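# Examining the three-dimensional arrangement
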Amino acid sequence: MSISNLPGHDRMHADICFEDQTLRDGLQSVSRLFTLAEKRKLVDRLAGAGLERIQVGSFVHPGRVPQMADTDELIRTLHPPHGVVISGLVLNARGLERAMACGLGDVALSASVSDTHSRRNANQSAAAAIGAMVGLIGEAVRSGLAVRGGLQCVFGCVYEGAIDADRVLDAAEKMAAAGARAINLADTTGMAHPRQVAAMCHRFHQALPGIELILHLHDTRGLGLANMLAGYEAGVRSFDVCTGGLGGCPFVRGAAGNVPTEDAVHAFEAMGVSTGVDLDALVAVVADLEGTLGRRLPGRMAGVLRAARTNTGDCGDAPDG
Ligand SMILES: [Zn+2]
């Protein structure tokens, strides 16, 4: 029986919530520019697979990230099915203006807790960037938008090494005080390990009761899924994912993508945790992305199911002696 045939399979009754960021975190890392029609089709297929939330782009300077230049027009022309939330990433005041102008109802507003990372990407200190973001969160909340605050480089920074957890919690508290009811902690450079994730989640829940914690975990060192499960065991129920594990960061050399959506779906469903996502529909999206990009993506489950279909035994296991 395939996972998609398991009982209780629909996004309304899922135990956890995934936000698929293939169109943002994924596509910003590939040089090929996807057309609006291709992006719309990708949104439709992810929504059709059961993804509850889809981040479709960011509002950054088109000269800096040309892959995201048409985010406004994409959002204006999307007609997502009922129950699917479309979100966009905002990194500055101009971005928030654009998000509101195109009618987006759900925004992620994010700043880095690493001073060096912030100076390189946002041209200001982490303290200044977080202060500015707290102001924008207040503005977005007052405008009636659903807001997710976000912090980058939470679990370490390639420039600065370890990041003080107190600094992270202090910034998260400021975002919550400004009205964010959900806060995303990002392992931007994939430096987290499971015990560190668990400790951070416990501290977050103690310091910020009632605020939803979302984890955004890059798989740079192969610990993305392990970190996600550590977060789950620590009570987190919302995670960012990227179909195929597409991604990386245009500003961090050697970075890998987020936890592959299909691998996260498989892991949770195998443990009896309902995701509301149809794995077969999702791996069909992976196959199409691989065809379009002309390369295999790092996620595992598409290859596993492909092998299972071609093996005469159909046991899903590759023969390895
Ligand atoms: Zn990311």
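Described in the following lines is the structure provided in the data block. Because the structure is a prediction, the values reported are computed rather than measured. (Residues numbered from 1 in each chain as written. Predicted model: local features only at pLDDT ≥ 70, side-chain atom pairs only at ≥ 80, totals over all residues.)

### What about the pairing of strand S5 (residues 146-152)?
By the criterion of burial, S5 is predominantly enclosed, with 6 of the 7 residues buried. Judged from the 7 bridges that link them, strand S4 (residues 106-112) and S5 form a sheet pairing that is parallel. Opposite Asp106, over in S5, you have Ala146 as the bridge partner. As judged from the 4 bridges shared by S5 and strand S6 (residues 182-187), these two strands associate in the parallel manner. Across the sheet, Arg148 pairs through a bridge with Ala182, a residue of S6. (Buried ≥ 20, exposed ≤ 12 C-beta atoms within 10 Å, placed from the backbone. Helix = DSSP H or I, 4+ residues; strand = E, 2+ residues; numbered from the N terminus. Pairing = 2+ DSSP bridges.)

### Let's talk about the environment of Gly224
Relative to the elements of secondary structure, Gly224 occurs in helix H9 (residues 224-233). On the basis of neighbour count, Gly224 is assigned to the buried category, with 28 C-beta atoms found within 10 Å. For the pair formed by Gly224 and Val65, sequence separation is 159 residues and the distance between their alpha carbons is 25 Å. Excluding anything up to four places from it in sequence, Gly224 contacts Gly190, Leu217, His218, Asp219, Asn258 and Val259. (Contact = placed C-beta atoms within 7 Å.)

### Considering the nonpolar core
Within the largest apolar cluster, 93 residues are counted, with the highest numbers of intra-cluster contacts made by Val107 and Ile137. Aside from chain neighbours lying at most four places away, what touches Ile137 is Leu109, Val147, Gly149, Met175, Ala178, Gly179 and Ala180. (Core = buried A, V, L, I, M, F, W, Y, C linked by C-beta atoms within 7 Å.)

### Quick word on the sheet that holds S4
Read around the barrel, 8 strands follow the order S1-S2-S3-S4-S5-S6-S7-S8 and close on themselves; strand pairing throughout is parallel. Taking the axes of each pair of neighbouring strands and ignoring which way they run, one obtains an average angle of 25° across the sheet. Relative to strand S2 (residues 53-59), strand S1 (residues 17-20) runs parallel, the two sharing 2 bridges. What sits directly across from Asp20, in S2, is Ile54. Contacts between helix H2 (residues 36-49) and the sheet are confined to S1 and S2, with S2 contributing the most and set at about 155° to the helix. (Axes fitted to C-alpha atoms, helices over the stretch in contact; angles between N-to-C directions.)

### Some words on the pairing of S1
Pairing geometry for S1 and strand S8 (residues 238-241), over 4 bridges, is parallel. Within the sheet, the bridge partner assigned to Cys17 lies in S8 and is Ser238.

### What to know about the packing of helix H10 (residues 261-270) against helix H11 (residues 279-293)
At a minimum axis distance of 9 Å, the contact between H10 and H11 shows a crossing angle of 160°. Taken as axis vectors, H10 and H11 run roughly antiparallel relative to one another. Our pair here, H10 against H11, has a crossing hand that is left-handed. On the side of H10, the interface is formed by Thr261, Glu262, Val265 and His266, while H11 contributes Leu279, Leu282, Val283 and Val286. (Parallel < 35°, antiparallel > 145°, perpendicular 65-115°, else oblique. Left-handed = near helix turned anticlockwise from the far one by under 90°.)

### Digging into the environment of Leu27
Inspection of the secondary structure assignment puts Leu27 in the loop between helix H1 (22-26) and H2. A C-alpha to C-alpha distance of 7.5 Å links Leu27 and Leu246, two positions 219 residues apart in sequence.

### Some thoughts on unusual backbone geometry
The phi angle of most residues is negative, glycine excepted, and most peptide bonds adopt the trans form. Positive phi outside glycine occurs at Asn123, with the angle close to 60°. Assignment of secondary structure puts Asn123 in the loop between helix H5 (115-122) and helix H6 (126-142). Even without being glycine, Cys153 reaches a positive phi, approximately 60°. By secondary structure assignment, the location of Cys153 is in the loop between S5 and helix H7 (165-177). Given 28 C-beta atoms within 10 Å, Cys153 falls into the buried group.

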